[in-house]
Amino acid sequence: MRALILSLALASLLPLTASAADDTSARRYGTSETLSVQNARLGEVLMVRSVDIKSDKRLNAGSAIGAALGYASVRDVNKNYRNASRIAAGTIGGVAGTAVQNGLSKRRGVEVYVRDLESGKVIAIVQADDLPIRVQDQVFLVGKGSKTRVVPVVPMEGQR
């Protein structure tokens, strides 16, 4: 019974861990980034290619939930085999939970190669595929250091 309660409590964390990993969007800002001055410079897109972005965390809530469910699932096994069954089921559950968590945290992204029009340097930035970015687009490189985003320049109405 305790293992079932623990599993349910851990299962409630699964959506939080999947969404917490999504900090690759050019549309999403953390509270520490709001109301702060960001560098913005013009660039031109040279190349865009699709990539997969997946969490690089080894241990996650999926592992713990799967292991707890596997462990709890063998309570009716004969006494002679119960411990071995718990170890095997816990291990299998943990591996399955990790696979599920990794599947949930994987998302589509783009690797964008941009010529910084200020310096002439070519840089590459990987971010979520949630903005329309095409070759030869004018873009803003927004941010500083490792927190730089590629944001398309959207002309205001009547300025084409």
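All values reported here derive from a predicted model rather than from experimental measurement. (Residues numbered from 1 in each chain as written. Predicted model: local features only at pLDDT ≥ 70, side-chain atom pairs only at ≥ 80, totals over all residues. Heavy atoms only, no water.)

1. Comments concerning the side chain of Glu111
The line we're drawing: Counting from the N terminus, the helices are DSSP H or I runs at least four residues long and the strands are E runs at least two residues long. Partly exposed residues are those whose accessible area sits between 20% and 50% of the maximum for their type, while under 20% is buried and over 50% is exposed, using a 1.4 Å probe and protein chains only. Between N or O atoms, a polar contact is any pair within 3.5 Å; within protein, one atom must be a potential hydrogen donor and the other a potential acceptor, and residues adjacent in sequence are included only when both atoms are from side chains. The criterion used for residue contact is that any of the two residues' heavy atoms lie within 4.5 Å.
Position of Glu111 among the secondary structure elements: in strand β2 (residues 107–116). The exposure class of Glu111 is buried, given its relative accessible area of 12%. One polar contact links Glu111 to Arg49, side chain to side chain, over a distance of 2.4 Å. In terms of polar contacts, Glu111 uses its side chain to reach the side chain of Tyr113, at 3.3 Å. In this structure Glu111 touches Met47, Val48, Arg49, Val51, Ile125 and Val126, once residues within four positions along its chain are discounted.

2. Things to note about the pattern of salt bridges
Our working definition: One side-chain nitrogen of Lys or Arg within 4 Å of one carboxyl oxygen of Asp or Glu is enough to make a salt bridge.
Going through the model one piece at a time under the given rule, you end up with 3 salt bridges. A salt bridge links Asp116 to Arg41, with the shortest nitrogen-to-oxygen separation between them at 2.5 Å. Within this pair, whereas Asp116 is found in strand β2, its partner Arg41 is found in strand β1 (residues 40–53), the two being separated by 75 residues in sequence. A residue is classified by how much of its surface remains accessible, and Arg41, at 21% relative accessible area, is partly exposed. Across the salt bridge formed by Arg49 and Glu111, the nearest N and O atoms sit 2.4 Å from each other.

3. Quick word on unusual backbone geometry
Phi at Leu35 is positive, roughly 55°, even though this residue is not glycine. Within the secondary structure layout, Leu35 lies in the loop between α2 (14–20) and β1. In this structure Leu35 comes out as exposed when scored by relative accessible area, which is 93%.

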